[in-house]
Amino acid sequence: MAADSAGSPPLSQAEAEEASAFRHATVPADATVRYGGHQDHLVDFYRPRSPRGSGTRPAPLVALLHGGAWRARYDRAHLSPLAAHLAARGFAVASVEYRRGAPRQLPSDGPEERPVAGRWPDTFDDVAAAADALPALALRALGPDLVDPRRLVLAGHSAGGHLALWAAARHVLPPESPWHRPSPPPIRGVVALAPIADFTSAIRLRVCSDAVTELLGGPDHLAARLPHADPAALLPTGIAATIVHGTTDNEVPPQVSEAFARAAAAAGEEVVTAWLPGVGHFPLIDPSSPAVAAVADEIGQLAW
């Protein structure tokens, strides 16, 4: 490929897709509420804006969990264009923030700091608390005329896809787990976008620079914590799940979702898989990409 007119080398497909997804301005929420005392315990709510969501029937609620390898540099702001896009399609949307890994100096890094993926157990504490609080928070923020939290769909991208699948599986966690639910969550299902859904394959493939190992606290904790955090280990759930994944994703390779689907089938559960040919990691959250239409359609299949 030739250089552009300014002499810079051209972007690869993956780089162009990422640049497109992150070029959108942050879309302010209609309401922001707290679900806890930490500065990251926030949920942004977006009102449904199409006639389908603002007529006599209140709109379903879509809870969005952002990605970014559970690292602090990425927050919910980059998902706000998708949240606004879904609101324009007639959904009420809740974009959830949670604690991610803070930068810290690691011995192997010399004088530089590197972002660490996630916090154990804080990241999981937050997602569990937010999921439990969402129905009441949505009614308070948007009102019963606009939102029906009984028709709740969890959705997430990348690391957020992992968290959405995990939040839907808390009722199959060991009873002694602090995140255990006594019954399945009151949700219609999960739509996970390029999720880090199978930790064993993600660790083997070193997805996002070993983010899974960091999320779980390091290699010494993998055996003890994987059964409490890996969606592929928490099957079957009895909750409808759809995976949307691009076939040319080089951030979270499609093999990770394939491994999750195989684990679900082995557990006697069917997972819907929507493979998008020639699509990478970031078009799934880019409102200017045709891939987002497939995302909205899959959410609608569960929500409406």
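Nothing here was measured: the structure is a model prediction, and the numbers come from that model. (Residues numbered from 1 in each chain as written. Predicted model: local features only at pLDDT ≥ 70, side-chain atom pairs only at ≥ 80, totals over all residues. Heavy atoms only, no water.)

1. What about the sheet that holds strand E3 (residues 59-65)?
Pairing is mixed across the open sheet formed by eight strands, whose spatial order is E1-E2-E4-E3-E7-E8-E9-E10. Strands at the two margins of the open sheet, each flanked by one partner only, are strand E1 (31-34) and strand E10 (272-276). Averaged over neighbouring strand pairs, the angle between their axes works out to 20° when direction is ignored. Direction of pairing for E3 relative to strand E4 (residues 92-96): parallel, over a ladder of five bridges. (Pairing = 2+ DSSP bridges. Helix = DSSP H or I, 4+ residues; strand = E, 2+ residues; numbered from the N terminus. Axes fitted to C-alpha atoms, helices over the stretch in contact; angles between N-to-C directions.)

2. Brief notes about helix H4 (residues 122-142)
With 21 residues, H4 extends 28 Å from end C-alpha to end C-alpha; this agrees with the ideal 30 Å at 1.5 Å per step. Residue Leu134 marks the point of greatest curvature in H4, where the axis turns by about 55°; the proline Pro135 follows within four residues. Turning to H4, its buried residues are Asp122, Thr123, Phe124, Asp126, Val127, Ala128, Ala130, Leu134, Leu137, Ala138 and Leu142. Just downstream of H4 lies Gly143, where phi reads positive at about 90°. (Expected span 1.5 Å × (residues − 1). Bend = angle between axes of the 7 residues up to and from the residue. Buried < 20%, exposed > 50% of the residue type's maximum accessible area, 1.4 Å probe, protein only.)

3. A closer look at unusual backbone geometry
Cis peptide bonds are those with omega within 30 degrees of zero, and the linkage from Trp120 to Pro121 qualifies with 5°. Mapped onto the elements of the fold, Pro121 is located in the loop between strand E6 (113-115) and H4. A cis geometry characterises the amide bond from Leu235 onward to Pro236, with omega recorded as 0°. For Pro236, the position within the fold is in the loop between helix H8 (222-229) and strand E9 (241-246). Even without being a glycine, Trp70 presents a positive backbone phi close to 60°. Looking at the element boundaries, Trp70 is found in the loop between E3 and helix H3 (80-88).

4. Structural notes on the packing of H4 against helix H5 (residues 159-167)
Where H4 meets H5, the closest approach of the two axes is 10 Å, and the angle between their N-to-C directions is 60°. One finds that H4 runs oblique with respect to H5. The two elements H4 and H5 meet at a crossing, and its hand is right-handed. Contacts between H4 and H5 pair Thr123, Phe124, Val127 and Ala128 from the former with His162, Leu163, Trp166 and Ala167 from the latter. Here the residues of the contact of H4 with H5 sort into six nonpolar, two polar and no charged. (Parallel < 35°, antiparallel > 145°, perpendicular 65-115°, else oblique. Left-handed = near helix turned anticlockwise from the far one by under 90°. Contact = heavy atoms within 4.5 Å. Nonpolar A, V, L, I, M, F, W, Y, C, P; charged D, E, K, R; others polar.)

5. Topic: the environment of Pro227
Along the polypeptide, Pro227 turns up in helix H8. Sequence-wise, Pro227 and Gly246 are 19 residues apart; in three dimensions their C-alpha atoms are separated by 27 Å. In contact with Pro227, not counting residues within four places along its chain, are Leu173, Leu222, Ala233 and Leu234.

6. Points about the packing of aromatic side chains
Applying the stated criterion to the full structure yields eight aromatic pairs. With a centroid separation of 5.0 Å and 70° between ring planes, the pair formed by Phe124 and Trp166 is classed as edge-to-face. Remark: Trp166 occurs in helix H5 and Phe124 occurs in helix H4; sequence separation between them is 42 residues. Residues Phe124 and Trp166 agree in their burial class; the two are buried. (Phe/Tyr/Trp six-rings, centres within 6.5 Å; stacked < 30°, edge-to-face > 60°.)

7. Re the confidence of the model for the protein
Scored by pLDDT, the protein comes out at a mean of 93, with 92% of its residues at no less than 70. Here helix H2 (residues 51-54) stands out as the least confident element of the protein, with mean pLDDT 50; strand E8 (residues 189-193) is the most confident, with 99. Across residues 1-5, confidence stays below pLDDT 50; counting only partners more than four residues off in sequence or on other chains, it has six contacts. (pLDDT = per-residue confidence, 0-100.)

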